[in-house]
Amino acid sequence: MQPDFLIKLVILLPLVGAAFNGLVGLFAPSYRKNEGLIGMVATSMVAIPFFIAVYLFVGFHGDPIIVQAFTWMQAGDLTIDFAFRIDQLSLLMTLIITGVGGLIHLYATGYMHGDDGFWRFFAYLNLFIFMMLSLVLGNNLVVLFLGWEGVGLCSYLLIGFWYKDLKNSAAANKAFIMNRIGDFAFLIAMFILFKEVGSLNFDAVLAGGPGMDQTWINWTVLLLFIGATGKSAQIPLFTWLPDAMAGPTPVSALIHAATMVTSGLYLLARLSPLVLSAPTIMAIITVVGALTAIVAATIAITQNDIKKVLAYSTVSQLGYMFLATGVGAFYVAIFHVMTHAFFKACLFLGSGSVIHSMHHVEHELAHDGHGHALDPQDMRTMGGLKKYMPATRMTFLISTLAIAGIPLLSGFFSKDEILFKAFEFGYDGHLVGWFVYGVGIITAFLTAIYMTRAYVLTFEGSPRWPHSDSIHPHESPWTMTLPLWVLAALATVGGYIGLPAVLGDVNWIHHWLAGEGGPVAEFAAHTHVSHGLEWALIAIGSLIAILGVFLGWKWYSSEGIGFDDKISARFGGLYKLWQGKYFLDEAYDKAVVRPLIGSAHHAFNPFDKYVVDGLVNAVGFFTRGSSFVLRYMQTGLVHSYAVAIVFGVVLIIYLMLF
Amino acid sequence: MDLSQAYASMTGDLANTMSLLIVALAGLALVVFDAFKNRHAATPWIAGLALTAGFVFEVSRIGSAEGMAYYNMLRTGGSAAFVNALVLGSGVLSVILTAPYLKRIGHNIGEAYSMILFATVGMLVLGSANNLVTVFVGLETMSICLYILTGFIRSGPGSTESAFKYFLLGAFSTGFFLYGIALLYGATGTMDISAMRDTVADGGSIVFWAGVAMLLVGFLFKVSAAPFHMWTPDVYQGAPTTITGFMSTASKTAAFASLILILNVALPGERWSEVLAVFAVITMVLGNVIALSQSNIKRMLAYSSIAHAGYILVGLAAGSADGYSGALFYLMVYTIMNIGAFGVIALLEWDKKEGSEQTLDSLAGIGYKKPLLGWTMAVFMFSLAGFPPLGGFLGKWAVFAPAVEAGYVWLAIVGVLTSAVSAYYYLRVLVVFFMKPEDAQSGAAATNFVIPKSSAAVLIFCVVLLFLLGVTTYAIELTGSFF
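The numbering scheme is per chain: residues are counted from 1 as the chain's sequence reads. Lettering of chains starts at A and numbering of ligands starts at 1, both following the order in which they are written. With the structure being a predicted model, the display of local features is reserved for residues of pLDDT at least 70 and the display and counting of side-chain atom pairs for 80 or more, all residues being used for whole-chain, interface and lining totals. Heavy atoms throughout the structure, all of them, feed into the side-chain values; hydrogens and water do not.

### Observations regarding the overall build of chain B
- Strands here are runs of E lasting at least two residues and helices are runs of H or I lasting at least four, both read from the DSSP assignment and numbered beginning at the N terminus. A tally of regular secondary structure across chain B gives 20 helices and two strands.
- To get the radius of gyration, use the C-alpha atoms; to get the globule rule, take the number of residues to the power 0.38 and multiply by 2.2 Å. Relative to the globule expectation of 23 Å for 483 residues, the C-alpha radius of gyration of chain B, 22 Å, shows essentially globular dimensions.
- Within chain B, counting contacts between residues at least 6 apart in sequence, those at least 24 apart form 80% of the total.
- Here chain B has roughly 16900 Å² of accessible surface; of this, 68% comes from carbon and sulfur atoms.
- Positive charge is attributed to Lys and Arg, negative charge to Asp and Glu, and no charge count is given to His or to the chain ends. The atoms used to mark charge sites are NZ of Lys, CZ of Arg, CG of Asp and CD of Glu. Chain B carries 22 positive and 24 negative side-chain charges, and their two centres are separated by 12 Å. Should any heavy atoms of two residues lie within 4.5 Å, those residues are counted as being in contact. What sets the accessible areas is the Shrake-Rupley method with a 1.4 Å probe; for residues, cover comes only from the shown protein chains.

### A few points about the overall build of chain A
- A count of helices and strands for chain A gives 25 helices and two strands.
- The globule rule puts the C-alpha radius of gyration for 658 residues at 26 Å, and the 29 Å found for chain A is close to it.
- Principal axes of the C-alpha set define a box for chain A whose edges measure 110 × 70 × 60 Å.
- Relative to its 658 residues, chain A shows a buried fraction of 57%.
- Restricting to contacts in chain A with at least 6 residues of sequence separation, those with at least 24 account for 80%. Buried residues are those whose accessible area, probed at 1.4 Å on protein chains only, stays under 20% of the maximum for their type, while exposed residues exceed 50% and partly exposed ones sit between those limits.

### A few points about the packing of aromatic side chains
All names here are of chain A.
- Each Phe, Tyr or Trp ring, with Trp reduced to its six-membered ring, pairs with another whose centre is within 6.5 Å; inter-plane angles below 30 degrees give stacked pairs, above 60 give edge-to-face pairs, and intermediate values give tilted ones. For the coordinates displayed, the defined rule picks out 53 aromatic pairs over all chains.
- Three or more aromatic residues joined by ring pairs form one cluster here, namely Phe118, Phe121, Phe122, Tyr124, Phe161 and Trp162.
- The residue whose ring lies beneath Arg270 is Phe202, and the NZ or CZ to ring-centre distance is 5.4 Å.
- Geometrically, a lysine NZ or arginine CZ counts as sitting over a ring once it is within 6 Å of the ring centre and also within 35 degrees of the ring normal. In this arrangement the basic side chain of Arg631 is found over the ring face of Tyr632, its NZ or CZ atom lying 5.5 Å from the centre.

### Considering the interface of chain B and chain A
- Each partner contributes residues to the interface: chain B has 38 residues there, and chain A has 25 residues.
- Here the quantity called buried area is the accessible surface, traced with a 1.4 Å probe, that two parts lose on coming together, added over both. Of the roughly 2700 Å² buried between chain B and chain A, counting both surfaces, carbon and sulfur atoms make up 80%.
- Looking only at chain B, the three residues that lose the most surface to chain A are Leu169, Met230 and Ser293 of chain B, adding up to 20% of its buried area.
- What counts as a salt bridge is simple: a side-chain nitrogen of Lys or Arg found within 4 Å of a carboxyl oxygen of Asp or Glu. Where chain B packs against chain A, one counts zero salt bridges.
- Throughout this description, a polar contact denotes any pair of N or O atoms lying within 3.5 Å of each other; where both atoms belong to protein, one of them has to be capable of donating a hydrogen while the other can accept it, and for residues adjacent in sequence the pair is counted only when both atoms sit in side chains. Counting across the interface, chain B meets chain A through eight residue pairs in polar contact (both at pLDDT 80 or more).
- When residues of the side of chain B that touches chain A are traced back to their parent elements, those giving at least two are α7 (157–188), α9 (206–222), α10 (231–238), α12 (271–291), α13 (297–318) and α18 (409–435) of chain B.

### Overview of α10 of chain B
- Among the eight residues of α10 of chain B, seven are classified as buried, and the element is accordingly described as predominantly covered.
- By the burial criterion, the buried members of α10 of chain B are Trp231, Thr232, Pro233, Asp234, Val235, Tyr236 and Gly238 of chain B.
- For α10 of chain B, the secondary structure elements touched by its buried residues are α25 (638–657) of chain A together with α6 (132–151), α7, α9, α11 (241–266) and α13 of chain B.

### A look at the pattern of salt bridges
Residue and element names in this part refer to chain A.
- Within this structure, the stated rule accounts for 20 salt bridges over all chains.
- Across the salt bridge formed by Lys174 and Asp243, the nearest N and O atoms sit 2.9 Å from each other. In this pair, Lys174 is assigned in helix α6 (residues 166–197) and Asp243 in helix α9 (residues 240–243), connecting sequence segments 69 residues apart.
- A residue is classified by how much of its surface remains accessible, and Asp243, at 28% relative accessible area, is partly exposed.
- Among the salt bridges present, the one from Glu460 reaches Lys386, with a minimum N-O distance of 2.9 Å. Within this pair, whereas Glu460 is found in the loop between α18 (431–459) and α19 (478–493), its partner Lys386 is found in the loop between α15 (330–367) and α16 (390–404), the two being separated by 74 residues in sequence.
- Judged by relative accessible area, Lys386 falls into the partly exposed class, the value being 36%.
- Linked by salt bridges that have partners in common, Arg85, Asp87, Asp203 and Arg270 make up one network.

### With respect to the side chain of Thr392 of chain A
All names here are of chain A.
- As for its position among the elements, Thr392 is in helix α16.
- Since its relative accessible area comes to 0%, Thr392 is described here as buried.
- Polar contacts involving the side chain of Thr392 include one to the side chain of Ser353, which spans 2.9 Å.
- Leaving out residues up to four positions away in the same chain, Thr392 has contacts with Gly350, Ser353, Val354, Phe459, Glu475 and Leu484.

### Focus on unusual backbone geometry
- Cis geometry is adopted by the peptide bond preceding Pro227 of chain B, which originates at Ala226 of chain B and carries an omega value of 0°.
- Relative to the elements of secondary structure, Pro227 of chain B occurs in the loop between α9 and α10.
- That bond from Pro388 of chain B to Pro389 of chain B is cis: its omega, 5°, falls within 30 degrees of zero.
- On the secondary structure map, Pro389 of chain B appears in the loop between α16 (371–385) and α17 (391–405).
- For Ala233 of chain A, which is not glycine, the phi dihedral falls at a positive 55°.
- The phi torsion at Asn72 of chain B lies on the positive side, around 65°, for a residue other than glycine.

### Some remarks on helix α4 (residues 118–137) of chain A
- In a regular helix each residue adds 1.5 Å, so 20 residues correspond to 28 Å; α4 of chain A covers 29 Å between its end C-alpha atoms and thus fits that length.
- Burial runs high along α4 of chain A: 20 of the 20 residues are buried. A helix's residues, less one, multiplied by 1.5 Å, set its expected span.

### Let's talk about the side chain of Ser293 of chain B
- Looking at the element boundaries, Ser293 of chain B is found in the loop between α12 and α13.
- Ser293 of chain B gets classed as buried once you look at its relative accessible area, which sits at 9%.
- Apart from residues no more than four positions distant in its own chain, Ser293 of chain B is found in contact with Ser627, Phe628 and Arg631 of chain A.

### So, a nonpolar patch on the surface
Residues and elements named next belong to chain A.
- Residues Phe607, Tyr610, Val611, Val612, Leu615 and Val616 make up a contiguous nonpolar surface patch of about 600 Å² in total accessible area.
- Following the sequence through the fold, Val616 ends up in helix α24 (residues 584–630).
- Overall, Val616 belongs to the exposed group, its relative accessible area being 51%. Each patch is built from residues lacking any salt bridge and having more than 30% relative accessible area; the joining distance is 9 Å for like charges and 5 Å for nonpolar side chains (Val, Leu, Ile, Met, Phe, Trp, Tyr).

### Remarks on the pairing of strand β2 (residues 78–86) of chain A
All names here are of chain A.
- The element β2 is largely enclosed, with a buried count of seven among its nine residues.
- By definition, two strands form a pair when at least two bridges between them are found by DSSP. As paired strands, strand β1 (residues 65–75) and β2 are joined by nine bridges and run antiparallel to one another. Following the sheet pairing, Ile65 is matched in β2 by Ile86.
- Between β1 and β2, which pair antiparallel and follow one another directly, the connecting turn spans two residues, one of which, Gly76, has a positive phi of 60°.

### Details of the confidence of the model for chain B
- A residue's pLDDT is simply how confident the predictor is in it, with values from 0 to 100. Per-residue pLDDT for chain B averages 91, and the proportion of residues at 70 or more is 96%.
- ipTM for the predicted complex: 0.91, alongside a pTM of 0.72.

### What to know about empty space enclosed by the protein
- The rule is simple: put a 1 Å grid over the protein atoms alone, call a set of points where a 1.4 Å probe fits but cannot get out a cavity, call an open set with protein on both sides within 12 Å along at least five of seven lines a pocket, and count a residue as lining if it has an atom within 4 Å of a point. Grid points are joined across faces, edges and corners, and a volume is the space filled by probe spheres set on the points. Under the definition given, this model contains seven cavities of 30 Å³ or more.
- Taken as a whole, the largest cavity spans an internal volume of roughly 80 Å³.
- In terms of lining, the largest cavity is formed by 13 residues, of which the most central are Thr17, Glu58, Arg75, Asn84 and Ser128 of chain B.
- Among the elements of the structure, α2 (18–36), β2 (74–76) and α5 (111–128) of chain B are those that each provide at least two residues to the lining of the largest cavity.
- Volume-wise, the second largest cavity comes out at about 70 Å³.
- Residue lining of the second largest cavity: Ala404, Gly405, Phe412, Lys415, Asp416, Leu419, Ala444, Gly541, Ser542 and Ala545 of chain A, and that is the complete set.
- For the lining of the second largest cavity, the elements supplying multiple residues, two or more each, are α17 (410–427) and α21 (531–559) of chain A.
- Here the lining of the second largest cavity takes four residues from α17 of chain A, the largest share from any one element.
- Polar here means any residue other than Ala, Val, Leu, Ile, Met, Phe, Trp, Tyr, Cys and Pro, which are nonpolar, and Asp, Glu, Lys and Arg, which are charged; Gly is therefore polar. Among the residues making up the lining of the second largest cavity, the classes are represented as five nonpolar, three polar and two charged.

As structure tokens, this is what we get:
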């Protein structure tokens, strides 16, 4: 079949699903009870595109296919087509989005069971998939931006999905506003590109962009990166992502771990030739990525909410990816995007499964009249769940080991490749490479510790919720465990598409993305690391991961949550800093929010009230006043009317003849 | 020319000006019919059907090439057909609105319909005339019928008084108009508009331009441009309301069409362009500003229609093909929204008091009491104020944009500022309709009346058209194809 028809199908089916569930649900309240049908429609509208994407992937020959849907807008020199681009990068992203997305849809049919907004949830979720696909498949920056804003909107709608709780709405607002700050920078970058290159199509931008003035290149890449820091939760705009956990857990897995938050990396990978021509900004990107990685990892160690741990872990892993982007290893960043999508989606869904059953415990407690308030997301009241939830526990464990970087699991390969590229960058003579390599190694160690901590506190030991002898949680239904198993399997084997170079020419994803005619450029090192050194680096990475898991297991299985106090005593003020999330929210509040509100109250409000309103009222008063005067011209007497005509005649003759 | 040729040419002309014949003959027939069957229910039907037949004929001719009839006296097809269709369409809608209105106010006079038909004949001739004599004949036929229509509520003092004022001032301006024709004939030796341009060598003599000035006085009077507008508020207020709707739209359409033809075909250079710009400014400012302080809604709409004449003059002052086509498009939009607005007022006029109560305050809260009238009026007001996505917005764009292109940026700025002023009095209508508590004792909301289905259909039709004209470009491309 024709690829252009198929790709339109891929894009449109999720939109059809969103429109169907949204409109029918809105206008036919009886439909809302039909959870089976709603879930089936929504899931198949993502699953079918996945199979089409697999078909396109298998039959892909290497040359990008441009699909012209229609001309979106045309004004002067600006022509924006609604066009899609199928190439190695967009196909890979489409597979991740529809594959992981489809699994999460299936999972959500179980997780959201019984929720009043079931139909609304799936309409939003399908809409999100549509927007995300436009983002990665668009052939120009404007279609990409449409998707970029669209996923932001869906993220907002889904974070605030349980909008009756003001806290959730506030989290949704925060996410939206922080994203908008980044979007503003993205827009300016587009303006620069249009002004300097004259087109926003990727082909034209990549051909003409690197030829711009160096200042323009630097500004463009910097602004694009600022846009990416908003969407992909990097310093300084990352604080929205942990709050975004207010949304339902499948949303956290799909949007805030696997897909949307990686779109900043997709953007930089798509424009990689342009990014490569701004080495200064690349240094900024890699340092910001490394700092984000370690800052988020240190915060993650102190968190007790299972989803918060995963959220900070996501921020940290995204930092890793930006670290890779900044050293010119775009394909490795995308590789890590993929493996991260597998294990982090699995972890989030696993935590959702846990929360689901802890809700059951909370419900039982209330039912039995014990009157205990229980936070179903707090790891301090969990423990020993492996007895009750074997499938969830097993998949969670596999993914924990994968993210920690235990050898031969997927996370090991992608993380190792990132660290290797950073090292190579330093070896090639860039000081910043050494710095980010060091930060990366420490972060890897921290990652292994906090993830093992989360696993042990949740599943190992003995139960800590009240009346744990009589109240038992249950394993989740198959709709939830099946996606967990699939994702855990992918988290296990997903890394083998990116085997390290030391094994020979076997790195498939490198060939696919950055090979001959591939869409992603890469930094070409002048001096290469010897094989012996590369083996040594792999050994260091493996040891760090194993050591982290070992220590984490030892500490937290013997002393439980109490070990946090030991860390606290040891690190003192530093631990307070981590626990307080580096007090960034407070700093933003003091530095930005309060001054703005203050000036609005004390400067802009009076200005608006007295100067602007005063001017407006004065104009209105004058106009009305002249109206009252002028209407006396209308005397009602015919002869005065005739005089006016004569006056007009004199005027017209004067104007015409003189 | 032998007889058979003359015969062929005459039958061809008759076929090309079929609408004129139908309407004229129907008018004559109605005079006779009404003499025998006074106040018969069929009278409005005959008038309406004759106008509809003419409308259908002209619409079918819009696509055909422009031609001449009666030895270059009248133009046919193309833009002439468009203007005629507009006039006839305005007539059809007005007749549908007029029938129940006249019954309600107790002046169901059959002559009204034959007068509407004869006025339409005059407008058709005026709008498609290609010779100054024909222009004059059309103008006078139209005007005399309108004087009569204005004054036919003989019992009400306002109606008679305004008809007399209209007649006196109309005669006064006709004098200037006729004098202008005489001067032009003296300067060029021809009455044929399309032949006039060739006789004007090196920019025209003083006599020629004096003639043009006198001619403009006549036209500006008919389209009620300031300072020739003084009759308008009195006449629009005094005339039966649906008739006001008819003459404020159709007569302006015909007069503007004739003026556009003369500007486009007969006059060389751009000497007249700044003159029109000056009058456009005076008209827009005076119309919009004085409208602010009107408490009578018909008077308010009268000043509003003066202001709209100013907007159309902006398009004419641009002096370009886009300006003329924009003016024609504006006339179309203006016809629809003004007939709609006067149609709503005709239904709301409440005549328990002496004469008819037309103050805005008497309509407090009517928007909820009569939602159909409230919401259609809202659309007409928003369109008149030029809000997207309604026709009034696109219309303003169509006349202001050519002015900017022609270098009259200041003119467009004045236009936009005065339309901002106009939003005040248009939206005030809606404030009174929807946000003031209804006056249960004396307001219109206190009376019970049934909205005739025919009137409701006309109002809804106008609303739909305004939305279509606002979001599609078909009509604006059509008028663009004439120049």
